[in-house]
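Below are the chains, spelled out letter by letter.
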Amino acid sequence: DFGAQAGLVNYYRAGDSLAGHVDDAEADLSKPIVSISLGCPAVFLLGGRTRDTAPTAVLLRSGDAVVLAGESRRCYHGLPRVFTRGEGMVDAAGEVLAAPPELCDPAVWTDQPDVARYVAGGRVNISIRDID
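Sequence positions are assigned chain by chain, starting from 1 and proceeding in written order. Reporting in this predicted model follows two pLDDT cut-offs: at least 70 for local features of residues, and 80 or more for side-chain atom pairs to be given and counted; totals over whole chains, interfaces and linings ignore these cut-offs and use all residues. Values reported for side chains reflect all heavy atoms of the structure, with hydrogen atoms and water molecules removed beforehand.

### Structural notes on the overall build of the chain
Line of reasoning, step 1. In terms of helices and strands, the chain carries 2 helices and 8 strands.
Line of reasoning, step 2. Moving toward the C terminus, one meets the helices and strands of the chain in the order β-β-β-β-β-β-β-α-α-β.
Line of reasoning, step 3. Across its three principal directions, the C-alpha atoms of the chain cover 45 × 30 × 20 Å.
Line of reasoning, step 4. Looking at the 132 residues of the chain, the share that counts as buried comes to 33%.
Line of reasoning, step 5. Long-range contacts, defined as pairs at least 24 residues apart, comprise 75% of the intrachain contacts of the chain with a sequence gap of at least 6.
Line of reasoning, step 6. Here the Shrake-Rupley method, with its probe set to 1.4 Å, supplies the accessible areas, and only the displayed protein chains count as covering residues. Total accessible area on the chain is roughly 7,300 Å²; 56% of this is exposed by carbon and sulfur atoms.
Line of reasoning, step 7. In this tally, Asp and Glu contribute negative charge and Lys and Arg positive charge; neither His nor the terminal groups of the chain are included. A charge is said to be at NZ when it belongs to Lys, at CZ for Arg, at CG for Asp and at CD for Glu. Averaged over its 12 positive side-chain charges, the chain has a centre that lies 4 Å from the centre of its 18 negative ones. Only DSSP runs of H or I reaching four residues or more are called helices, and only runs of E reaching two or more are called strands; each is numbered from the N terminus. The cut-offs for exposure are 20% and 50% of the maximum accessible area for each residue type, with area from a 1.4 Å probe on protein chains only; residues under the lower value are buried, those over the upper are exposed, and the others partly exposed. Residue contacts are counted whenever heavy atoms from the two residues lie within 4.5 Å of one another.

### Details of the layout of surface pockets
Line of reasoning, step 1. Using protein atoms alone on a 1 Å grid, points that fit a 1.4 Å probe yet trap it form a cavity, whereas open point sets bounded by protein on both sides within 12 Å along at least five of seven lines form a pocket; residues with an atom within 4 Å of a point count as lining. Grid points are joined across faces, edges and corners, and a volume is the space filled by probe spheres set on the points. Here the largest pocket is characterised by a volume of approximately 260 Å³.
Line of reasoning, step 2. Around the largest pocket, the lining comprises 19 residues; the ones closest to its centre are Leu18, Ser35, Phe44, His77 and Asn125.
Line of reasoning, step 3. When contributions to the lining of the largest pocket are tallied by element, the ones reaching two or more residues are strand S1 (6–13), strand S2 (18–21), strand S3 (33–39), strand S6 (65–68), strand S7 (77–82) and strand S8 (122–129).
Line of reasoning, step 4. It is S8 that contributes the most residues to the lining of the largest pocket, 4 residues altogether.

### Some details on the nonpolar core
Line of reasoning, step 1. Counting 8 residues, the largest nonpolar core consists of Tyr12, Cys40, Ala42, Leu79, Val82, Ala99, Cys104 and Val119.
Line of reasoning, step 2. The term nonpolar core refers to a set of buried residues drawn from Ala, Val, Leu, Ile, Met, Phe, Trp, Tyr and Cys, joined through side-chain atoms within 4.5 Å. Counting residues in each nonpolar core, the second largest holds 5 residues, with Ile33, Leu60, Val66 and Leu68 among its members.

### With respect to the pattern of salt bridges
Line of reasoning, step 1. Just to be clear on terms, a salt bridge is a Lys or Arg side-chain nitrogen sitting within 4 Å of an Asp or Glu carboxyl oxygen. Within the structure shown, the criterion is met by 8 salt bridges.
Line of reasoning, step 2. Linking lysine 31 and aspartate 130 is a salt bridge whose minimum nitrogen-to-oxygen distance equals 3.2 Å. One end of the pair, lysine 31, is in the loop between S2 and S3; the other, aspartate 130, is in the segment after S8, with 99 residues separating them in the sequence. Just as lysine 31 is buried, aspartate 130 falls in that class too.
Line of reasoning, step 3. Between aspartate 91 and arginine 61 there is a salt bridge, with its nearest N and O atoms 2.4 Å apart. Placement of the pair is aspartate 91 in the loop between S7 and helix H1 (101–104) and arginine 61 in the loop between strand S5 (56–60) and S6, with a sequence separation of 30 residues.
Line of reasoning, step 4. Among the residues examined, arginine 61 registers a relative accessible area of 32% and is labelled partly exposed.

Now the structure itself:
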């Protein structure tokens, strides 16, 4: 059974990264970690149980979720890159890598335009954990 007991919120701005690591502070590593991404896209790397395993890169977009469970729960992972609209980077389909307009357009967030501007330049990741 998984019970969401704790959440960890990470904020990333352009140029920020998270080095490869294993989340092993919880008492029971058989419990999954559920991670939700909001804002700008980012590269997520998932490696193996040692740093010797070459990681697989996945492009995470706003609204994507990752579940680290089973074998992946004990694997190295990290976030080497965040993409903002101002960089002009595009994906394989030619789409600009940026936060979605409904999250980052001050004209949409008329009551909180500063929130929209913040999201346009960064990313929020929420990881939900069972810590017992």
